[in-house]
Amino acid sequence: MGFSALQIILVFVWVFIVAIDQFDFLESLYQPIVSGAVIGAILGDLPTGLIVGGTYQLMTIGNMPVGGAQPPNAVIGGVMATVFAISSHLDTTAAVGLAVPFALIGQYMVTFLFTLMSPMMSKADQLAAKGDTKGIVRLNYLAMALLGLLFAIVCTLGMLGGSAMGTTLSNLAAKYAWVMAGLGAAGGMMRFVGFATLLRIMLSNEFWGIYFAGFALATIIGYIPELSGSALLLIAFVGIAIALYDYQTRVAIKQAAGSGFAANGGDDEDGITPAPQLDQKTLNKMAWRSCFLQASFNYERMQAAGWLYCILPGLEKIHGDNKEDLKLSMEHNLEFFNTHPFLVTFVMGIILSLEQQKADIETIRAVRVAAMGPLGGIGDAIFWFTLVPITAGITSNMAINGSLAGPIMFLLIFNIVQFACRFFLMYWSYNLGTKAIDILTANAKEFTRAASMLGVFIVGALTSNYGGTTVATVIENGDSPIVIQSILDGVLPKLIPLALTLGLFFLMKKKNWKPVTCIALLLVIGLVGAFFGIFA
């Protein structure tokens, strides 16, 4: 079957949209159950599109981008499976099989783009230092456009080139597998640059024990299968308990010594006046913007540039004509950030309430780091492991039976839940933060110390939790080969992630290396390591 110019254009536009949607916007249009129906309608065979989309959805129901790990790409795989089924009149299973090479190429492209975006964070830093809010917006839009364009081009070429192109691309990827492995290994290590940056800012000598405690606890919990899914949440509870104990103890000592808030005048002596409360329009605007949290996702600071884009309307309202304060807020809000995209408004509300009350940067930074970590596990459990499987399981069968209600119901259920969460958490956390800050400013130093302690504890946990870097080197030794990774695990599990994070921290702290230099080093390590078979 040939394709008309209109069909090619419509498929190109649709893939451009859903390629962005897989990380931003609704994060549901890209799902095969929806995309298959749309592609089927464009190509004039909606029933086949429904069947293929429903089948592919069930096949990928457990392949979610949890913790930043990228599964075979459902956007390209779902689109190409539908195209092959309709254009070549293949049965569903054969079409899905032919689409697999394209799904793998999509996985490689995502890894490549996330790696490519890492050096762009230095440009974002420059924009923040100048207070260029429009520049931050353009950077995020450019990243989304690049992702959409690349995916649309691959799918369009796949339509025109057919399965032969998929085979060629697959063979090319196999021939230079070490390059893709190197990029993948380097991409997995990029997050350690973000962790090291946070440590350089937050870590004082007295908190080293707290950092290692967070790392150790996360490593231990990670080895307990029943608890690994909720590891960060459990760790956060422990961290909160430690920080709360420290806070209460120090407040009690201060009060016993007669140097309480009333005696020293608190924070009023610095003459800082809180900004007016944010209005409903601004809060709503930021809740909508939260849909683009991952617009410029990268392996260095993950969601940092998208996070700044989301809260910019609030920062501009809070700081008004004070450009210097706006620059400072933009700069520290470009530090490493990663949380669940559907629950991010909880963090946004709390941070904006602190910004509005003109809390010091150390306090805001510590609260941001402490709040973002646990939400990842909570969000994955609610959305990727519960809502999507249940909803997709029910609606996919409807689609396979030829019912258009399947994709429609999937979109309705998923988006009603996610937008209810986004807007409720935005308002609830902002109001909660505004009330809480009145109490906390009475003991600002003690609170900042406790929050920093919690933040360092969480960074230690993240080092382990997100530290998936391992070596694949095996030394032949007769019937008992020596597996280097097993030896390293016997010394200390997650030793490589810990060593990389601390090594990068040393280079930044003692040698004044910039994050971009660290990224270049990790790229070299990844490519050289993959070439010599150190990384799988």
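Provided above is the structure to which this section pertains.
Reading guide: rules and limits
Residues numbered from 1 in each chain as written. Predicted model: local features only at pLDDT ≥ 70, side-chain atom pairs only at ≥ 80, totals over all residues. Heavy atoms only, no water. Helix = DSSP H or I, 4+ residues; strand = E, 2+ residues; numbered from the N terminus. Buried < 20%, exposed > 50% of the residue type's maximum accessible area, 1.4 Å probe, protein only. Contact = heavy atoms within 4.5 Å. Areas by Shrake-Rupley, 256 points an atom, 1.4 Å probe, with all protein chains shown as cover. Patch = residues over 30% accessible without salt bridge, like charges linked within 9 Å, V, L, I, M, F, W, Y side chains within 5 Å. Salt bridge = Lys/Arg side-chain N within 4 Å of Asp/Glu carboxyl O. Lys, Arg positive; Asp, Glu negative; His and termini not counted. Charge placed at Lys NZ, Arg CZ, Asp CG, Glu CD. Axes fitted to C-alpha atoms, helices over the stretch in contact; angles between N-to-C directions. Parallel < 35°, antiparallel > 145°, perpendicular 65-115°, else oblique. Left-handed = near helix turned anticlockwise from the far one by under 90°. Nonpolar A, V, L, I, M, F, W, Y, C, P; charged D, E, K, R; others polar. Core = buried A, V, L, I, M, F, W, Y, C linked by side-chain atoms within 4.5 Å.

**Student:** Please provide a residue-by-residue account of the overall build of the protein, values included.
**Tutor:** The helix and strand inventory of the protein stands at 23 helices and 2 strands. Put simply, the protein has 536 residues, and 54% of those count as buried. The contacts of the protein with a sequence gap of at least 6 include a subset with a gap of at least 24, amounting to 81%. Summed over its atoms, the accessible surface of the protein is roughly 22000 Å², and 67% of this surface lies on carbon and sulfur atoms.

**Student:** Explain unusual backbone geometry to me, and be specific about the residues and the numbers.
**Tutor:** With a phi close to 65°, K494 is a non-glycine residue in the positive phi region. The class for K494 is partly exposed, based on a relative accessible area of 25%. The phi dihedral of N512 is positive, around 60°, even though this residue is not glycine. You can see N512 is positioned in the loop between α22 (495-510) and α23 (515-531).

**Student:** Explain a positive patch on the surface residue by residue, including any values.
**Tutor:** There is a patch of like positive charges on the surface, built from R200, K509, K510 and K514. Along the chain, R200 falls in helix α9 (residues 177-202).

**Student:** An account of the packing of helix α10 (residues 208-222) against α22 is requested, with residue identities and associated values reported.
**Tutor:** Direction vectors running N to C along α10 and α22 enclose 155°, while the axes themselves pass 12 Å from each other. For the element pair α10 / α22, the angle class is roughly antiparallel. Crossing of α10 against α22: the hand is right-handed. Residue-level inspection shows W208, Y211, F212 and F215 of α10 in contact with α22, the latter providing L498, T501, L502 and F505. Residues belonging to the contact of α10 with α22 are distributed by class as follows: 7 nonpolar, 1 polar and no charged.

**Student:** Could you give me a rundown of the environment of I235, with the residues and numbers involved?
**Tutor:** Along the chain, I235 falls in helix α12 (residues 231-256). Residue I235 is classed as buried on the basis of its relative accessible area of 0%. When neighbours within four sequence positions are excluded, I235 is seen to be in contact with L217, A218, I221, F457 and A461.

**Student:** Any chance you could break down the nonpolar core for me, citing the residues and the numbers?
**Tutor:** In this structure, L43, F151, W307 and L352 are the most contacted members of the largest nonpolar core, which totals 158 residues. It is helix α18 (residues 361-400) that contributes the most residues to this core, 14 residues altogether. Aside from chain neighbours lying at most four places away, what touches L352 is L278, M286, I311, G314, L315, I318, M426 and Y430.

**Student:** Describe in detail the environment of S118, supporting the description with residues and values.
**Tutor:** Within the element layout of this structure, S118 appears in the loop between α5 (92-116) and α6 (120-129). Assessed through its relative accessible area of 0%, S118 is described here as buried. The spacing of S118 and M302 is 184 residues in sequence and 8.4 Å in space, taken between C-alpha atoms.

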